Amino acid sequence: MTTLPSGFARARRWLRDHPLAFDATLAFCVLIAMICGSFADPGKGHGPTFGTRTPEAFSVLLMVLAASALVLRRRHPMAVLAVTGVLTATEYIFMDPPAPVVMSTVIALYTVASRTDRPTTWRVGLLTMGILTVAAMVFGSTPWYSQENLGVFAWTGMASAAGDAVRSRRAFVDAIRERAERAERTREEEARRRVAEERLRIARDLHDVVAHHIALVNVQAGVAAHVMDKRPDQAKEALAHVRDASRSALNELRVTVGLLRQSGDPEAPTEPAPGLAVLDELVDTFRNAGLPVEVAGADRGPGLPAAVDLAAYRVIQEALTNVRKHAGAGARAEVSVVRVGTTAEITVLDNGRGSAAQSPGTQSGGSDPAGGTGTPGGGHGLLGMRERVTALGGALTAGPRYGGGFRVHAILPIEARTGEPEPPGPAAATGERR
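Just so we're clear, the structure is a prediction, and the values are computed from it rather than from any experiment.

**Description of the pairing of strand 7 (residues 406-413)**
Reasoning step 1: Most of strand 7 is tucked away: 6 of the 8 residues are buried.
Reasoning step 2: Where strand 5 (residues 343-350) lies against strand 7, 8 bridges are found, and the strand directions are antiparallel. Paired with E345 across the strands is I411, a residue of strand 7.
Reasoning step 3: Summarising the sheet, strand 6 (residues 395-400) and strand 7 pair through 6 bridges and their orientation is antiparallel. In the sheet register, G399 faces strand 7, and the bridge partner there is R407.

**Some words on the confidence of the model for the chain**
Reasoning step 1: Mean pLDDT over the chain works out to 77, with 75% of the residues at or above the 70 mark.
Reasoning step 2: When the elements of the chain are averaged for pLDDT, strand 2 (residues 49-50) gives the smallest value, 66, and strand 7 the largest, 92.
Reasoning step 3: Predicted confidence for residues 262-266 stays below pLDDT 50, and this span has 1 contact to residues more than four positions away or in other chains.
Reasoning step 4: The low-confidence segment residues 418-432 (pLDDT under 50) makes 36 contacts with residues lying over four places distant or belonging to another chain.

**Concerning the sheet that holds strand 6**
Reasoning step 1: Strand order in the open sheet formed by 5 strands is 3-4-5-7-6, with mixed pairing between adjacent strands. This sheet does not close on itself; its edge strands, each paired only once, are strand 3 (293-297) and strand 6. Going from strand to strand, the sheet's axes swing by 10 degrees on average, the running direction of each strand aside.

**Re the pattern of salt bridges**
Reasoning step 1: In the structure shown here, the tally under the stated rule is 10 salt bridges.
Reasoning step 2: Measuring nitrogen to oxygen at the nearest pair gives 3.0 Å for the salt bridge that ties D23 to R73. Of this pair, D23 sits in helix 2 (residues 19-38) while R73 sits in the loop between helix 3 (57-69) and helix 4 (77-94), placing them 50 residues apart in sequence.
Reasoning step 3: Exposure remark for D23: the relative accessible area of 2% places this residue in the buried category.
Reasoning step 4: In this structure, the salt-bridge partner of R74 is D23, at a minimum N-O distance of 3.0 Å. Of this pair, R74 sits in the loop between helix 3 and helix 4 while D23 sits in helix 2, and the two are 51 residues apart along the sequence.
Reasoning step 5: A residue is classified by how much of its surface remains accessible, and R74, at 29% relative accessible area, is partly exposed.
Reasoning step 6: Through salt bridges with shared partners, a single network forms among D23, R73 and R74.

**A word on the side chain of T105**
Reasoning step 1: With respect to the helices and strands, T105 occurs in helix 5 (residues 102-115).
Reasoning step 2: In this structure the side chain of T105 is engaged in a polar contact, spanning 3.1 Å, whose partner is the backbone oxygen of T84.
Reasoning step 3: Ignoring any residue separated from it by four or fewer positions in sequence, one finds T105 in contact with L81, T84, G85, T88, T128 and L132.

**Topic: the pairing of strand 5**
Reasoning step 1: Buried residues dominate strand 5, accounting for 8 of its 8 residues.
Reasoning step 2: Alternating residues of strand 5 divide into T343, E345, T347 and L349 and A344, I346, V348 and D350, and every residue in both groups is buried.
Reasoning step 3: Here strand 4 (residues 333-340) pairs with strand 5 via 8 bridges, running antiparallel. Bridged to V337 within strand 5 is I346.
Reasoning step 4: The hairpin formed by strand 4 and strand 5 contains 2 residues between the paired strands, and G341 there has a positive phi angle of roughly 65 degrees.

Reading guide: rules and limits
- Residues numbered from 1 in each chain as written.
- Predicted model: local features only at pLDDT ≥ 70, side-chain atom pairs only at ≥ 80, totals over all residues.
- Heavy atoms only, no water.
- Buried < 20%, exposed > 50% of the residue type's maximum accessible area, 1.4 Å probe, protein only.
- Helix = DSSP H or I, 4+ residues; strand = E, 2+ residues; numbered from the N terminus.
- Pairing = 2+ DSSP bridges.
- pLDDT = per-residue confidence, 0-100.
- Contact = heavy atoms within 4.5 Å.
- Axes fitted to C-alpha atoms, helices over the stretch in contact; angles between N-to-C directions.
- Salt bridge = Lys/Arg side-chain N within 4 Å of Asp/Glu carboxyl O.
- Polar contact = N/O pair within 3.5 Å; in protein donor to acceptor, adjacent residues only side chain to side chain.

This is how it looks when you write it as structure tokens:
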């Protein structure tokens with residue numbers, strides 16, 4: 001069964017979707033009200049009396065024309081106000097007592113006030129109030145101070161005020177709706193930005209893990225193949241290092257890829273992210289791969305924030321991987337981690353001269369402003385390190401050392417902050433290996 005409130009709600013929605021039908025219904029109701037009011041005699045007693053007079057045919061014609069004009073009040077509000085105002089003034093001038101044609105003008109004035117701005121409402125409202133009030137006072141048979149004449153002034157003034165109030169409320173509601181939509185769009189954009197940042201971070205982690213461990217596996221596998229026939233014991237040791245490196249790579253990949261799981265998925269990662277606490281293990285993997293690495297200074301103070309600790313570990317890992325891949329035979333590396341005030345400084349040095357097989361753009365001391373190797377297979381190691389460091393508010397420089405070798409220097413704030421990566425400066429874009 002349809003309830004009364006639901007029926008009213010459906011009728012309201014229908015009228016809102018069909019404004020012309022609503023205006024026609026309103027015009028018909030105004031016409032009925034004007035005709036009923038034309039049978040009332042204002043009188044001089046305690047109020048109007050009904051049945052003592054009937055409207056003239058001319059007044060009925062004016063009322064019908066004024067009500068018909070209201071059908072177009074939304075499409076042409078100013079024109080409808082002008083027509084109804086002229087018809088009302090005509091009624092005041094030629095008929096005595098006048099029929100209430102002014103009702104149509106009140107509706108038209110309300111429409112203008114609700115659909116225009118406030119200055120226009122003030123100008124049009126005052127002009128309409130003045131013309132109709134003066135016409136009623138001058139051409140009517142009643143005294144100028146009669147309640148009928150003052151009623152014309154009051155009703156036209158209230159129509160202007162009510163229309164302006166409705167217009168202000170509509171503007172306020174529209175502003176709130178627009179602000180809510182803009183806030184929703186901002187939240188969606190922020191969510192997309194955070195997703196993109198997280199994907200970039202995961203991509204950097206995957207690059208660091210794969211580049212480091214696959215490079216070690218490649219070196220140890222080459223050693224094992226070389227000494228397999230003559231020195232099987234050394235080959236077994238190299239294969240053991242391959243096994244350890246591959247197991248470590250699988251574990252780190254499992255942790256990194258596990259970040260992509262949904263909240264309810266099983267086997268969520270529980271292992272902590274690598275940091276400077278396992279720096280010695282990282283250095284040992286390179287030493288086992290044939291790269292002499294010396295830890296010149298390692299900070300032993302209070303632990304760094306998780307994001308800074310991970311960034312420092314990844315910078316050292318990527319820098320040593322580049323040394324192992326590009327510095328050439330006989331190269332040595334030196335790692336330093338020290339705190340300076342509220343920052344942690346990570347430095348990785350090598351004395352390599354570059355391998356003969358690599359392209360000139362990747363040799364130690366070479367230059368590649370784009371951050372690549374200069375070959376189709378070039379990587380993005382230094383670019384990833386720079387993005388990781390600048391995302392925490394730090395700075396990274398990389399370039400050739402005087403006298404040979406390469407230097408990677410990163411400055412990380414102890415209190416990490418998230419920011420937009422800044423474009424690398426001239427000093428940071430020189431001598432990139434990858």
